[in-house]
Amino acid sequence: MNNFMIDKGYIFYLDGILVPITPASITTKINNKNKVVTLINDGDFNILKEEGLKEFAFDMCLPAYKYPFARGVLLPINYYLNMLSFLKNSKKPFRFIVIREGAVGSSGYNTTILVSLENYEIKEDAGNGRDVIVTVNLKEYKNVKSSLFKYVNLGEKSTESRWFFCGWEGCVFIMYLR
């Protein structure tokens, strides 16, 4: 049990379901989408882009018993395992919430983000008694903006027009029209 928050500094929710014993730590990885281009003279050039999708990783304990430091109602371990299976197989994003308690009288910074369940690993160890430890890996989910087709007239002197598909990453040329 020493790998989990007993002083209740955090509160975790997966798709609205309270995690009964708050993980002692969470790793948040902020990826980037920078690109390195090699020039003709063998020099490298870094093209800076916006940040990529965030990734979250943590171990959560699914208790077999009601511990005094556990939050909420004691639910069977199978309930949480079925929830994780459903989140993985539903192919739909869900909300991940971390509430961080701040100093007395203030709130900490919180996280509320749409994510997908990338993978999870169930670990059973005699040292944990009947409790089950699950390693969870989440990835930020961003809704794709609705697709737009833009008609662009290339000017009065040109008889050509072009259609562009505009989505999440900008516009992509589709075809010429004459």
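Structure's up top.
Conventions used here
Residues numbered from 1 in each chain as written. Predicted model: local features only at pLDDT ≥ 70, side-chain atom pairs only at ≥ 80, totals over all residues. Heavy atoms only, no water. Helix = DSSP H or I, 4+ residues; strand = E, 2+ residues; numbered from the N terminus. Expected span 1.5 Å × (residues − 1). Buried < 20%, exposed > 50% of the residue type's maximum accessible area, 1.4 Å probe, protein only. Arc of directions from axis to C-beta. Patch = residues over 30% accessible without salt bridge, like charges linked within 9 Å, V, L, I, M, F, W, Y side chains within 5 Å. Areas by Shrake-Rupley, 256 points an atom, 1.4 Å probe, with all protein chains shown as cover. Salt bridge = Lys/Arg side-chain N within 4 Å of Asp/Glu carboxyl O. Pairing = 2+ DSSP bridges. Contact = heavy atoms within 4.5 Å. Axes fitted to C-alpha atoms, helices over the stretch in contact; angles between N-to-C directions. Polar contact = N/O pair within 3.5 Å; in protein donor to acceptor, adjacent residues only side chain to side chain.

Draft legend 1. How the structure looks around helix 1 (residues 77–89). Taking 1.5 Å of rise per residue, 13 residues should cover 18 Å, and helix 1 covers 19 Å from first to last C-alpha, within 8% of that figure. Buried within helix 1 we find Ile77, Tyr80, Leu81, Met83, Leu84 and Leu87. All buried residues of helix 1 project into a common sector of 155 degrees when viewed along the axis, lining one side. Away from the buried face of helix 1 by more than 90 degrees, exposed residues Phe86 and Asn89 are located.

Draft legend 2. Representation of a nonpolar patch on the surface. Together, Val37, Leu39, Phe45 and Ile47 line one region of the surface with nonpolar side chains, adding up to about 320 Å² of accessible area. Relative to the elements of secondary structure, leucine 39 occurs in the loop between strand 4 (35–38) and strand 5 (44–47). Of the residues examined, leucine 39 reaches a relative accessible area of 40% and is grouped as partly exposed.

Draft legend 3. Broad picture of the sheet that holds strand 6 (residues 51–62). Strand order in the open sheet formed by 7 strands is 2-1-7-8-9-6-3, and the pairing between neighbours is antiparallel. Strand pairing shows two members of the sheet lacking a second neighbour, strand 2 (17–18) and strand 3 (27–32), which therefore form its edges. Direction of pairing for strand 7 (residues 94–100) relative to strand 8 (residues 111–123): antiparallel, over a ladder of 5 bridges. Across the sheet, residue isoleucine 97 finds its bridge partner in strand 8, namely threonine 112. Of the strands in this sheet, strand 1 (10–14), strand 2, strand 6, strand 7, strand 8 and strand 9 (132–140) touch helix 1, which is tilted by about 115 degrees from strand 8.

Draft legend 4. Layout of the side chain of threonine 135. Position of threonine 135 relative to the elements: it lies in strand 9. The exposure class assigned to threonine 135 is buried, which follows from its relative accessible area of 16%. In this structure the side chain of threonine 135 is engaged in a polar contact, spanning 2.6 Å, whose partner is the side chain of aspartate 59. In contact with threonine 135, not counting residues within four places along its chain, are Phe58, Asp59, Asn119, Tyr120, Glu121 and Lys123.

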